[in-house]
Structures are given as structure tokens and as C-alpha cells.
Amino acid sequence: MAATESTDPVASPDSVWSLAILLGHSGAAWSDVGVALMLFVLAISLQVGFTWIVSRPAFLGLPFEDNKHMADVWRFALAHDSRFMDFQGSSLAARLCTNSPSLIDSGAHQLLLQNINSYLDLSSTPSDSKFLALQGMSPGVMLCIFCIIVWSLAIIKELRETYLSLEAIFSIPRSARTTFLGNRLESISWTRFLVFCAICVMRAVIASFLFRAGLIWLARTTSITDLILNAAALGAVIEVDELVFCTMMPKQIQLAHSGLEDVHLSHGHFRKQAESLVLILTLLAIAVSSYFFLLKDVEHTMLQVKTTLCGGTLDFVIGENVHTGGIFAFPTKPGNGDVSSLLERTVREIVSQPTREFASVVSEYATKVTSSGEKEIPVAVYLEKRLSALFEEPPYNIVGNCVDFDFSPHQKQLVQSWNVMKDRLGQPDAKSCQDLRHFCNTTGLRANMLRLNCPVTCKCDNRFQGIYLRTETFGCSTVCLDMAAQSGPDTPCIDHPVDSDWIEFVEAWDRSTLLQVATGGGGDDELLEHRRRKEQLLLGCPGIKSLSSWNNLCFGAGGSENAPLAYRCPVSCECSLLDDFDDVELQLICTPSCFSESSERIGANASTTTTGTQQQVPNKPNQRQPPDR
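The rules behind these values
- Residues numbered from 1 in each chain as written.
- Predicted model: local features only at pLDDT ≥ 70, side-chain atom pairs only at ≥ 80, totals over all residues.
- Heavy atoms only, no water.
- Helix = DSSP H or I, 4+ residues; strand = E, 2+ residues; numbered from the N terminus.
- Contact = heavy atoms within 4.5 Å.
- Areas by Shrake-Rupley, 256 points an atom, 1.4 Å probe, with all protein chains shown as cover.
- Phe/Tyr/Trp six-rings, centres within 6.5 Å; stacked < 30°, edge-to-face > 60°.
- Buried < 20%, exposed > 50% of the residue type's maximum accessible area, 1.4 Å probe, protein only.
- pLDDT = per-residue confidence, 0-100.
- Patch = residues over 30% accessible without salt bridge, like charges linked within 9 Å, V, L, I, M, F, W, Y side chains within 5 Å.
- Salt bridge = Lys/Arg side-chain N within 4 Å of Asp/Glu carboxyl O.
- Expected span 1.5 Å × (residues − 1).
- Arc of directions from axis to C-beta.
- Pairing = 2+ DSSP bridges.
- Axes fitted to C-alpha atoms, helices over the stretch in contact; angles between N-to-C directions.

1. Quick look at the overall build of the protein
Line of reasoning, step 1. Per the secondary structure count, the protein includes 22 helices and seven strands.
Line of reasoning, step 2. The long-range fraction of contacts in the protein, counting pairs at least 24 apart against all pairs at least 6 apart in sequence, stands at 66%.
Line of reasoning, step 3. Within the structure as shown, the protein displays about 33,400 Å² of accessible surface, and the carbon and sulfur contribution to it stands at 59%.

2. Regarding the packing of aromatic side chains
Line of reasoning, step 1. One pass over the structure, following the stated rule, counts seven aromatic pairs.
Line of reasoning, step 2. Between Phe-59 and Trp-217, the aromatic rings sit 4.8 Å apart at their centres with planes inclined by 50 degrees, giving tilted as the arrangement. Here Phe-59, found in helix α3 (residues 57–60), pairs with Trp-217, found in helix α8 (residues 190–220); they are 158 residues apart in sequence, far enough to count as distant.
Line of reasoning, step 3. Residue classification places Phe-59 among the partly exposed residues on the basis of a relative accessible area of 32%.
Line of reasoning, step 4. With centroids separated by 5.2 Å and ring planes inclined at 55 degrees, the aromatic side chains of Trp-502 and Phe-505 adopt a geometry described as tilted. Taken together, the positions of Trp-502 and Phe-505, both in helix α18 (residues 500–519) and three residues apart, correspond to about one turn of that helix. For the pair Trp-502 and Phe-505, one class covers both residues: buried.
Line of reasoning, step 5. Aromatic ring contacts, followed pair by pair, group Phe-170, Trp-190 and Phe-193 into a single cluster.

3. A few points about the confidence of the model for the protein
The predicted coordinates should not be examined in detail at positions where pLDDT is low.
Line of reasoning, step 1. With 78% of its residues at a pLDDT of 70 or more, the protein shows a mean pLDDT of 79.
Line of reasoning, step 2. Within the model, pLDDT remains below 50 along residues 370–400, and this stretch shows 59 contacts once partners closer than five positions in the same chain are excluded.

4. Digging into a nonpolar patch on the surface
Line of reasoning, step 1. On the surface, a cluster of nonpolar side chains totalling about 630 Å² of accessible area is made up of Leu-277, Leu-281, Leu-284, Val-288, Phe-292 and Phe-293.
Line of reasoning, step 2. Relative to the helices and strands, Val-288 resides in helix α12 (residues 269–310).

5. Quick notes on unusual backbone geometry
Line of reasoning, step 1. The backbone of Asp-121 sits at a positive phi, close to 60 degrees, despite the residue not being glycine.
Line of reasoning, step 2. A relative accessible area of 39% means that Asp-121 is categorised as partly exposed.
Line of reasoning, step 3. Within the chain, Lys-459 stands out as a residue other than glycine whose phi angle is a positive 65 degrees.
Line of reasoning, step 4. Mapped onto the fold, Lys-459 is located in the loop between α16 (445–453) and α17 (478–485).

6. Quick word on helix α19 (residues 524–538)
Line of reasoning, step 1. The end-to-end C-alpha distance of α19, which contains 15 residues, comes to 21 Å, matching closely the 21 Å that a straight helix rising 1.5 Å per residue would cover.
Line of reasoning, step 2. Inspection of α19 places His-530, Lys-534 and Leu-537 among the buried residues, and these make up the whole buried set. Down the axis, α19 shows its buried residues gathered within 60 degrees of arc, on one side only. Across from the buried face of α19, at angles greater than 90 degrees, the exposed residues are Asp-524, Asp-525, Leu-528 and Glu-535.

7. Examining the sheet that holds strand β2 (residues 174–175)
Line of reasoning, step 1. Taking strand neighbours across the sheet as the criterion, the three strands line up as β2-β4-β3 in an open arrangement whose pairing is mixed. Two strands in the sheet have a free side with no partner beyond their single neighbour: β2 and β3 (179–181).
Line of reasoning, step 2. Summarising the sheet, β2 and strand β4 (residues 184–189) pair through two bridges and their orientation is parallel. Residue Ser-175 lies in a different strand from β4, and its bridge partner there is Ser-189.
Line of reasoning, step 3. The sheet strands contacting α8 are β2 and β4, and the helix crosses β4 at an angle near 95 degrees.

This is the structure:
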């Protein structure tokens, strides 16, 4: 043997993988051999099963990159919703990012943010320099690299044992039968040799798949406390074969295995030195590549997710007025939970009382109510009430004059409402109210906003042209409606002829009523009656009398969707038969000339009565008192 070479003993590992050498030559009973084979299958099944489970995407979990979308949706859809403010008046975003104890919503996001803060060593205080900035390498990345190194050592040990076992078995002469000289393996049969080689290849493949899966699993573990546990779990999986052999293998086989002599291999000094250097460089390459190809992206993505969740302004909420569709932004208090609100103090006051009966509760601040219907308006509506009159409930008294929005300086408070309205109408390029006039006779919140911003274009101020949906409920301000009502003192008491506005009203009435008939289960007779009434309405004002609700339509009572038809149809609405001259509201609906005719009629009746004449003006079947408004 050359002076630069020496022999190194290679022992058979204490593993079920060594059974291929021992079986048939251990002196064990057939029952022990059967148990040994079952344990061999069990150990392999466990490792193959673990490898399959750990390699599945469902086990590895989604890449941390997917949390960016979740954080984006949460921040811009929920975090600043006025409905999620707490008693103190803090936004959901502020409470999450400051780890407020009052946070009861968004539990998944709270856990995600806590893991990010501990992994990257970030602060929960917005004023801290470490709130959104890294200070060197984060502790989570360092711990993950340490765990990856430990896991790599376990895999390298497994692969090295496998390689040395193959090298040792290749040094044994092959023959027709396997022979032992004492405890030393003298020769090995070709069948046993091939089986042992196949087992070693299987062992290396399982270890390689486990290494890859374990590497990804550790890199995707974003909880520091879970990193240690996951690394320990992976180490236990790779040692299953040894655990089964040492704890469950029959004693006779264990004794036979422990008595085997080592196989001596000749290794030169250069090989020994090169082998150590290669192993060190391999371990270093695994650690460095894991950081640059796995952990660096995770670290960067974590910082992006926290920036999405907690970056920028936190102390505000956004809401939408349910009546006008206006969008408002409202400042809130910081979510540090240090200041107790009046509502919180009231809760503490009531909770601390010894009584268990709510009826016996005495509060310095709260007024008890008997039902939820008597409670105060919710937070979102309360915020709406605090805004300008633009965001109030109907009637919409938003400006002193009934004018269209035209970007003039005195209409600055309407710019936001205009932008929201045209966007919801699907007309973001609209420059003026005229560009949107074809939406004036449509229904819905966006059309209400149009009539609110463009009352002149939508004819809210016109006594004769504005009919359908020209009420306070549908966006016309009281200022415009008063102008329309007061524009008829000199109008003669005659019905207005049919024109395009009247046709629009009839078509709108037809759509609304036909929908009610269809959803109410009306039959063919009811549909035919509806068509007959529509045909009469298309002929003009006299067709009003064909409707059962003509009284409400004439005077705008009963939740009517249109302006009072008596503006256009004073004769058909029988304004001349009314006798309540002092009703100011009625005078605005029916032109004064109609009251003059009614006054002359009543005066004639009185004169006939004074002269003793028994003849009187007959009562008309439709004569009635002014409508109940």
C-alpha cells in the first residue's frame, strides 16, 4: 500500500436499509425474519409517505407572495370603512397596525402582521424608525438560515452514509452465493448486490426529495416559533429508518448486525481533504443560495405586505351616504387604545354593577331603551350627519339657488359629488350637465345624484316640463321644487297639451306599473286594463281619471314618483272644484285662476240660496276636499 494512502473502516449503519446484507445469515428464526421484513416495509412506507405529503403544495402552503393581494384587498376595501370604527373612533387600519387591544375583527390579518413584525423585528409604533424599515438582517431570516443548515447536515449525513455503503459493497467480491467468514462478509451474490444497490438508490432519492421539500417548507415558515419545530420535525422524518431499527427490530438481528466487521476502504490523503472541503463548500452554497433565492424574496415581500397594510395615512375612514351616494372622508383618532371613550367608560360602568338584571342597571351616561328600534343612528349615518348639507337625507337643500353644477368657485363643495356621479353613470369624460341629460328620467341612486347636481337640465324647476321623478325623494332640491310651484300665478286654468315631456311621463308610468302588475301575479285581464289606461293617458290630461290613484298623482300625495300633475292638468284634476282658498300649498299646485272659477261658483250658489230659490248646483261625483298631504 502506498505511503499516502490508509484504510478507513466503514461500518454498516444501524438502519433497516442494512437488512439486505443480514437476512438469511443472522441466525434469527423465521418469525423474526418476518417481523424484520414488515418493519423494513413500514420504515420505507413512512419515509415515502412523509416525502409525498411534504412535497404537496397543500402542505407547503401558498407562497408568501399571495399575501400581497390579500393585504391589498383588505387595506383598500375594509381597513378604512367607517362601519368598522370602534367606540374610541379609531379606524380598523390604525387598530391593526398598532396592535390595539380593542381589535376584534381581521384576526387573520392581525396574526399575519404579528408574524411579520417578529420575523423582521419591526415595531408596532408608527412613529418608530423600525415601523416600516429593516435594521440589517432580520432575526427571522437568520434563524431560518440556521435551521436550513441543520436540515442540510442531516441530509448530507444520510447521503454520505448511502455513498459509503455503496462504495463498501462494491469492494466486496461478487460470487454465486453470499459467504461470511466469522463476522466478516467475504463475498456477496449478484442478487443480493443488486437489491442492496437498488435500496441505496431509493434511499438517496427519498433523501433528495425530502431535502427539497424541507427547504421550501422552512423558507415559507414565517413564524419564528414554528421554525424550530418544523426543523425538528424534518430531522425526525429523515431518521425514521434508524428509529425503527433501534426500537422495534428483533434482538437477534440487532446482535448479528452489531457483530459485523467493518469494511476497510483505501482513501488517499488528498481525497480526505478534498471531501471535507467539498462538504463545507456545499453547506455554504446551500445557505447562501437559500438566502438569495428564497429568503431574500420572502423578506422583501413581508416588508411590502406590511407597507400595504400599514403604510401611509392610517387615521381616517371612508363612507358612502346611502341617500345621495356621496363619498366622504373623515379623520379618526390613533388606534393606540390609550384613551377611553365615553362609550367605553359607559360599558365599564354598567359591567361593574353587581346586578345581573338589565332593568336594574343605573348609568350616569346611557339612556336605556326598550327595543333596538329606539337606539341612536349608527356610526356611518352619524358621520354623514356631520358633513355639509350635500350629504343629508332628502330634501336636498344644498345651495341657495337652483342652478346646474358648472365648476364655479361657489360650488367647490360639489366637485366630489360631481366626480362620483359621472363615474357611476359610466360617463367619466362628461364635462357638463348637458352631457348627462339623457339620464334624467332614469331611476336609482346615481340618477338621484344627477338631479341633485343638474336640477335645471333635469327640469326640476320647470312647472310643465319636469314630471317623472321630479320630487325631493328622487334628488330634486326643495329650492327647485318651490321655484316650479311658484311659477304658475298667471297660468290660465286649462290643461296643458300633449308634448314630449308628457309622453316621457306616460312611458315611465307604464314601465313602473307594468313591473308591479307582473311581480304581483296579475292576469291577462289586469294587463289588458293596464294597456287601456296607458292608451287613455297618451291622449292627454283627461286620461288621468282612468287611474284609481289619480288623486295622489294630481297632488303628489301618497309617495308619488312624479311632480303634481295638477301643474299641467288643473282641469282634469278638478282644481276649479276645490273650495279651500286658504291652503297655501294647494294654491302653489293649482293655479289661482282655478280658484277664481271655484270662488265664482260658490258665490253663485250662495246667491241662489239667499234669494230663496230651491235650485242648487248639483254635487259632482268627483267633488272632494284637498288631498291629505
